[in-house]
Protein chains: 2
Amino acid sequence: MMQQSFCSSSDNNNNYYHPFEVSEITDTPSQQDRALAALKNHKEAEKRRRERINSHLDHLRTLLPCNSKTDKASLLAKVVERVKELKQQTSQITQLETVPSETDEITVISAGSDISGEGRLIFEASLCCEDRSDLIPDLIEILKSLHLKTLKAEMATLGGRTRNVLVVAAEKEHNSIESIHFLQNSLRSLLDRSSGCNDRSKRRRGLDRRMMP
Amino acid sequence: MMQQSFCSSSDNNNNYYHPFEVSEITDTPSQQDRALAALKNHKEAEKRRRERINSHLDHLRTLLPCNSKTDKASLLAKVVERVKELKQQTSQITQLETVPSETDEITVISAGSDISGEGRLIFEASLCCEDRSDLIPDLIEILKSLHLKTLKAEMATLGGRTRNVLVVAAEKEHNSIESIHFLQNSLRSLLDRSSGCNDRSKRRRGLDRRMMP
DNA sequence: CCACACACGTGAACC
DNA sequence: TGGTTCACGTGTGTG
């Protein structure tokens, strides 16, 4: 190790004051000094870089379920897993358009947009119809019967109409297309139950109101 | 530098037939062989280790909003931020007890349980009272007026009673204690508006029904 | 002794 | 040019 720094930087020859110390290289003393200083600089900069990286790694160790003795590689592997996991959990929990419209609507779409498909199937179901007090209980019953887990629910009411947007997760063992159709049909029957008791004469109660601004 | 590759891999001295090539070292030829093989092994193992770490770093690069040319250190800094952010987002989006009780209740608690206090203030507000159709719009109006962002809303109705559990976030510039009291008072007035029109004679409509099983 | 993981100093490459 | 980042081979410590 020592010979590295020796032969690379500290070699100096043709020193005017100590000509015998220098033998085979043709650098001037000033060139020597400069090279030496550069090497020292380089060494210190590299050390700072290592410290910066390691400090971030230590920080990550405190954020994950692992002690301070876990490998760098294992730690990074855990980090990768955790980021993927958290990303999937939160990717669908974002802004949705929840303002009720004047026309009844049912939409059920697959929302598994991220690449890592190792999680559950995620759907976004939207139901827009006249408001009624039993709507939510009925909706809950439907989700329960279909074994769907609600990750997020947004509800907005405006002028007697309501829009409910649900992000739901189905277990992996279920078929994606089937689950979508079941949910669509169930919501359709729910909407049919509501029709006939419309009350369009209600005045709008205010401006845009949404659960998640 | 050269002597590294020289003595490590490509050179093969310690030839039994040229013992004089080794002069000042006291190792026997077999010892030399073993040392050389060990060094080669070591070199290769270290390379594998580097590749393992870098492969995880590359994987992380694909998971974050950054190109493939970002620094290791900057990348790790981004990862730290992202994990903290996602952790906070999802730490509060977990199971909550949402079954309505027979007694009216209002609770507002600070839910900023994670150490990193650089995020928004997070509260969990729970309101349990008789169900009425205007409850949700009124609740939305309150959150809007207090500039609170709803991260999660759970609602359950059971036998004409309802429990709403909200996880809300307040901007950093607001005072934590003040926001809690404002929210508590607003919910109290909301509950007062409901009282007087109770309808306890309603039969329970079913068993436990909750939005998020 | 060997397998493993880490820090170090250095040359190369890129602005 | 100098400043910064990377890969490399090596020394060292721990199990």
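Going by an unreviewed UniProt entry, chain A carries the name BHLH domain-containing protein and comes from Medicago truncatula.

A. Here's a closer look at the overall build of chain A. Per the secondary structure count, chain A includes 5 helices and 4 strands. From first element to last, N terminus to C terminus, chain A shows the α and β order α-α-α-β-β-α-β-β-α. When burial is assessed residue by residue, chain A has 40% of its 213 residues classed as buried. Of the contacts made within chain A by residues no fewer than 6 positions apart, 63% connect residues no fewer than 24 positions apart. On chain A, roughly 12400 Å² of surface is accessible, and the fraction owed to carbon and sulfur atoms is 52%.

B. Up close: the environment of Leu191 of chain B. All names here are of chain B. Relative to the elements of secondary structure, Leu191 occurs in helix H5 (residues 176–194). Each C-alpha atom of the pair Leu191 and Leu135 lies 9.0 Å from the other, and the pair is 56 residues apart in sequence. Leaving out residues up to four positions away in the same chain, Leu191 has contacts with Asp104, Glu105, Ile106, Leu127, Cys128 and Cys129.

C. Spatial organisation of the pattern of salt bridges. Residues and elements named next belong to chain A. Applying the stated criterion across every chain, the model contains 12 salt bridges over all chains. Residue Glu105 pairs with Arg163 through a salt bridge whose shortest N-O separation is 3.6 Å. Here Glu105, found in strand S1 (residues 105–110), pairs with Arg163, found in strand S4 (residues 161–170); they are 58 residues apart in sequence, far enough to count as distant. A residue is classified by how much of its surface remains accessible, and Glu105, at 28% relative accessible area, is partly exposed. For Arg193, the salt bridge is made with Asp138, and the minimal N-O distance between the two is 3.5 Å. Here Arg193, found in helix H5 (residues 176–194), pairs with Asp138, found in helix H4 (residues 135–145); they are 55 residues apart in sequence, far enough to count as distant.

D. Region of interest: the nonpolar core. Core analysis: the largest hydrophobic core is formed by 46 residues, its most contacted members being Leu127, Leu183 and Leu187 of chain A together with Leu127, Leu183 and Leu187 of chain B. In terms of nonpolar packing, the next biggest core, distinct from the first, is built from 24 residues, Ile53 of chain A together with Leu57, Ala73 and Leu75 of chain B among them.

E. Representation of the environment of Glu102 of chain A in the model. On the secondary structure map, Glu102 of chain A appears in the loop between helix H3 (72–91) and S1. Between the C-alpha atoms of Glu102 of chain A and Cys128 of chain A, which are 26 residues apart in sequence, the distance is 8.4 Å.

F. Region of the structure containing H4 of chain A. Residue and element names in this part refer to chain A. Counting buried positions over the 11 residues of H4 gives 8, a clear majority of the element. Within H4, the full set of buried residues consists of Leu135, Ile136, Pro137, Asp138, Leu139, Ile140, Ile142 and Leu143. One or two steps after H4, the chain reaches His147, where phi turns positive at roughly 55°.

G. Summary view of the pairing of strand S4 (residues 161–170) of chain B. Residues and elements named next belong to chain B. Burial analysis of S4 places 10 of its 10 residues in the buried class, which makes it a mostly covered element. Side chains of S4 alternate between two faces, with Arg161, Arg163, Val165, Val167 and Ala169 and Thr162, Asn164, Leu166, Val168 and Ala170 buried alike. Bridge count between strand S2 (residues 121–130) and S4: 10 bridges; the pairing is antiparallel. Looking at the pairing, Leu121 lines up with Ala170 of S4.

H. Region of the structure containing the state of the cysteines. All names here are of chain A. In the structure shown here, the tally under the stated rule is 0 disulfides over all chains. In this model Cys128 remains outside any disulfide bridge; the closest cysteine sulfur is found in Cys129, 6.8 Å from its own. Judged by its relative accessible area of 0%, Cys128 falls in the buried class.

I. Representation of the side chain of Arg163 of chain A within the structure. For Arg163 of chain A, a relative accessible area of 9% corresponds to the buried category. Looking at Arg163 of chain A, its side chain comes within polar contact range of the side chain of Ser126 of chain A, at 3.5 Å.

J. Spotlight on the confidence of the model for chain A. Residue and element names in this part refer to chain A. Mean pLDDT over chain A stands at 71; residues scoring 70 or higher make up 62%. Across chain A, the secondary-structure element scoring lowest on mean pLDDT is helix H1 (residues 2–10), at 34, and the one scoring highest is helix H2 (residues 29–63), at 90. Long-range and interchain partners of residues 1–25, a stretch whose pLDDT sits below 50, account for 34 contacts in this model, where long-range means more than four residues apart. Across residues 198–213, where pLDDT falls below 50, the model places 46 contacts with residues more than four positions away in sequence or in other chains.

K. Molecular detail of the side chain of Asn164 of chain B. Tracing the sequence through the fold places Asn164 of chain B in strand S4. Apart from the residues within four sequence positions on either side, Asn164 of chain B is in contact with Ala125, Ser126, Leu127, Leu135, Ile136, Leu139, Glu154 and Met155 of chain B.

L. Highlighting unusual backbone geometry. Residues and elements named next belong to chain A. In this structure, His147 is a non-glycine residue whose phi angle is positive, near 55°. Note on placement: His147 falls in the loop between H4 and strand S3 (149–158). When its relative accessible area of 57% is taken as the criterion, His147 is described as exposed.

Conventions adopted
- Residues numbered from 1 in each chain as written.
- Chains lettered and ligands numbered in written order.
- Predicted model: local features only at pLDDT ≥ 70, side-chain atom pairs only at ≥ 80, totals over all residues.
- Heavy atoms only, no water.
- Helix = DSSP H or I, 4+ residues; strand = E, 2+ residues; numbered from the N terminus.
- Buried < 20%, exposed > 50% of the residue type's maximum accessible area, 1.4 Å probe, protein only.
- Contact = heavy atoms within 4.5 Å.
- Areas by Shrake-Rupley, 256 points an atom, 1.4 Å probe, with all protein chains shown as cover.
- Salt bridge = Lys/Arg side-chain N within 4 Å of Asp/Glu carboxyl O.
- Core = buried A, V, L, I, M, F, W, Y, C linked by side-chain atoms within 4.5 Å.
- Pairing = 2+ DSSP bridges.
- Disulfide = S-S within 2.5 Å.
- Polar contact = N/O pair within 3.5 Å; in protein donor to acceptor, adjacent residues only side chain to side chain.
- pLDDT = per-residue confidence, 0-100.

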